[in-house]
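Residue-level listing of the chains:
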Amino acid sequence: MSFVQVIEFDTQRGEDVQRLMDEWRETTAGESTATHTTLTRDHGGTGHYVAIVQFPSYEEAMRNSDLPKTQEMSRRMQDLCDGPPRFLDLDVVRDEDL
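Not measured: the values here are computed from a predicted model. (Residues numbered from 1 in each chain as written. Predicted model: local features only at pLDDT ≥ 70, side-chain atom pairs only at ≥ 80, totals over all residues. Heavy atoms only, no water.)

1. Remarks on the packing of aromatic side chains
Okay, so step 1: Enumeration according to the criterion identifies 3 aromatic pairs in this entry.
Okay, so step 2: The interplanar angle of 45 degrees and the centroid separation of 6.4 Å between the aromatic rings of Phe3 and Phe55 together place this pair among those described as tilted. Residue Phe3 is found in strand 1 (residues 3-10), and its partner Phe55 is found in strand 3 (residues 48-55); the two are separated by 52 residues along the sequence. Accessibility classification places Phe3 together with Phe55 in one group, the buried group.
Okay, so step 3: Relative to Tyr58, the ring of Phe3 has its centre 5.3 Å away and its plane inclined at 80 degrees; by these criteria the two rings are edge-to-face. (Phe/Tyr/Trp six-rings, centres within 6.5 Å; stacked < 30°, edge-to-face > 60°. Helix = DSSP H or I, 4+ residues; strand = E, 2+ residues; numbered from the N terminus. Buried < 20%, exposed > 50% of the residue type's maximum accessible area, 1.4 Å probe, protein only.)

What follows is the structure in C-alpha coordinates.
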(Lines give C-alpha, C1' and ligand atoms only; values in the text may rest on other atoms or scores of the structure.)
Protein backbone atom coordinates (compact mmCIF):
# COMPACT_ATOMS: atom_id res chain seq x y z
CA MET A 1 0.00 0.00 0.00
CA SER A 2 1.34 3.45 -0.91
CA PHE A 3 2.22 5.81 1.89
CA VAL A 4 2.28 9.60 2.19
CA GLN A 5 3.92 11.71 4.84
CA VAL A 6 2.63 15.25 5.29
CA ILE A 7 4.92 17.70 7.09
CA GLU A 8 3.41 20.99 8.15
CA PHE A 9 5.67 23.80 9.33
CA ASP A 10 6.10 27.55 9.66
CA THR A 11 9.20 29.41 8.51
CA GLN A 12 10.26 32.79 7.24
CA ARG A 13 13.18 31.07 5.46
CA GLY A 14 11.37 29.37 2.60
CA GLU A 15 14.25 29.73 0.14
CA ASP A 16 16.62 28.08 2.63
CA VAL A 17 14.15 25.20 3.00
CA GLN A 18 14.09 24.74 -0.77
CA ARG A 19 17.88 24.75 -0.95
CA LEU A 20 18.00 22.14 1.82
CA MET A 21 15.49 19.98 -0.07
CA ASP A 22 17.63 20.27 -3.23
CA GLU A 23 20.73 19.28 -1.30
CA TRP A 24 18.96 16.29 0.27
CA ARG A 25 17.69 15.12 -3.14
CA GLU A 26 21.21 15.31 -4.59
CA THR A 27 22.97 13.62 -1.65
CA THR A 28 20.45 10.77 -1.37
CA ALA A 29 20.18 10.02 -5.09
CA GLY A 30 20.01 6.26 -5.48
CA GLU A 31 19.34 5.76 -1.75
CA SER A 32 16.12 7.63 -1.03
CA THR A 33 12.92 5.63 -1.29
CA ALA A 34 10.72 8.72 -1.80
CA THR A 35 8.97 8.67 -5.17
CA HIS A 36 7.51 12.19 -5.25
CA THR A 37 7.62 15.39 -3.22
CA THR A 38 5.45 18.48 -3.30
CA LEU A 39 6.15 21.64 -1.31
CA THR A 40 3.29 24.08 -0.86
CA ARG A 41 3.04 27.52 0.75
CA ASP A 42 -0.06 29.18 2.15
CA HIS A 43 -1.35 31.55 -0.51
CA GLY A 44 -1.83 34.26 2.11
CA GLY A 45 1.94 34.58 2.53
CA THR A 46 1.91 33.66 6.20
CA GLY A 47 5.08 31.54 6.10
CA HIS A 48 3.00 28.38 6.57
CA TYR A 49 4.17 25.43 4.44
CA VAL A 50 3.08 21.86 3.81
CA ALA A 51 5.44 19.27 2.32
CA ILE A 52 3.94 16.07 0.90
CA VAL A 53 6.30 13.12 0.40
CA GLN A 54 5.16 9.91 -1.30
CA PHE A 55 6.61 6.44 -0.82
CA PRO A 56 5.80 2.98 -2.18
CA SER A 57 4.97 1.77 1.35
CA TYR A 58 5.25 2.59 5.05
CA GLU A 59 8.24 0.28 5.31
CA GLU A 60 10.05 2.15 2.54
CA ALA A 61 9.28 5.46 4.26
CA MET A 62 10.83 4.16 7.49
CA ARG A 63 13.88 2.92 5.57
CA ASN A 64 14.21 6.42 4.08
CA SER A 65 13.89 7.99 7.54
CA ASP A 66 16.78 5.85 8.77
CA LEU A 67 19.19 7.22 6.14
CA PRO A 68 21.88 9.37 7.81
CA LYS A 69 21.36 12.15 5.22
CA THR A 70 17.61 12.18 5.94
CA GLN A 71 18.25 12.42 9.68
CA GLU A 72 20.70 15.26 9.08
CA MET A 73 18.20 17.06 6.86
CA SER A 74 15.54 16.71 9.56
CA ARG A 75 17.80 18.33 12.15
CA ARG A 76 18.74 21.16 9.81
CA MET A 77 15.11 21.65 8.79
CA GLN A 78 14.06 22.09 12.42
CA ASP A 79 16.63 24.89 12.72
CA LEU A 80 14.93 26.69 9.81
CA CYS A 81 11.43 26.39 11.28
CA ASP A 82 9.72 28.84 13.62
CA GLY A 83 8.53 25.92 15.77
CA PRO A 84 8.41 22.15 15.67
CA PRO A 85 7.04 20.65 12.43
CA ARG A 86 3.86 18.57 12.56
CA PHE A 87 3.77 15.16 10.87
CA LEU A 88 0.93 13.09 9.45
CA ASP A 89 1.65 9.50 8.39
CA LEU A 90 -1.00 8.41 5.90
CA ASP A 91 -1.78 5.13 4.17
CA VAL A 92 -3.12 5.79 0.68
CA VAL A 93 -6.52 4.14 0.34
CA ARG A 94 -7.49 5.72 -2.98
CA ASP A 95 -5.41 7.39 -5.67
CA GLU A 96 -6.67 8.32 -9.11
CA ASP A 97 -5.86 10.72 -11.90
CA LEU A 98 -8.78 12.91 -12.95
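From this point, the discussion proceeds with the structure in view.
2. Description of the pattern of salt bridges
Okay, so step 1: Under the definition given, this model contains 9 salt bridges.
Okay, so step 2: Arg25 serves as the salt-bridge partner of Asp22, at 3.3 Å between the closest nitrogen and oxygen. Remark: Arg25 and Asp22 occur in helix 1 (residues 14-27); sequence separation between them is 3 residues, near one turn of the helix.
Okay, so step 3: The network of salt bridges with shared partners includes Glu23, Lys69, Glu72 and Arg76. (Salt bridge = Lys/Arg side-chain N within 4 Å of Asp/Glu carboxyl O.)

3. Considerations on empty space enclosed by the protein
Okay, so step 1: The final tally for this structure, using the stated rule, is 1 cavity of 30 Å³ or more.
Okay, so step 2: When its volume is computed, the largest cavity comes out at roughly 50 Å³.
Okay, so step 3: The wall of the largest cavity is formed by Leu20, Glu23, Trp24, Thr27, Lys69, Glu72, Met73 and Arg76.
Okay, so step 4: Elements represented by at least two residues in the lining of the largest cavity include exactly helix 1 and helix 3 (68-80).
Okay, so step 5: When the residues that make up the lining of the largest cavity are grouped by side-chain class, the tally is 3 nonpolar, 1 polar and 4 charged. (1 Å grid on protein atoms, 1.4 Å probe; cavity = no way out; pocket = protein on both sides within 12 Å on 5 of 7 lines; lining within 4 Å. Points joined across faces, edges and corners; volume = space filled by probe spheres on them. Nonpolar A, V, L, I, M, F, W, Y, C, P; charged D, E, K, R; others polar.)

4. Details of the environment of Asp97
Okay, so step 1: Locating Asp97 in the fold gives a position in the segment after strand 4 (86-91).
Okay, so step 2: By relative accessible area, which is 79% here, Asp97 ends up exposed.
Okay, so step 3: Distance in space between the C-alpha atoms of Asp97 and Ala34 is 20 Å, their sequence separation being 63 residues.

5. Details of the packing of helix 1 against helix 3
Okay, so step 1: At a minimum axis distance of 10 Å, the contact between helix 1 and helix 3 shows a crossing angle of 175 degrees. By the angle between their directions, the pair helix 1 and helix 3 is classed as roughly antiparallel. On the side of helix 1, the interface is formed by Asp16, Val17, Leu20, Met21, Glu23, Trp24 and Thr27, while helix 3 contributes Lys69, Thr70, Met73, Arg76, Met77 and Leu80.
Okay, so step 2: Within the contact of helix 1 with helix 3, the residues separate by chemical class into 7 nonpolar, 2 polar and 4 charged. (Axes fitted to C-alpha atoms, helices over the stretch in contact; angles between N-to-C directions. Parallel < 35°, antiparallel > 145°, perpendicular 65-115°, else oblique. Contact = heavy atoms within 4.5 Å.)

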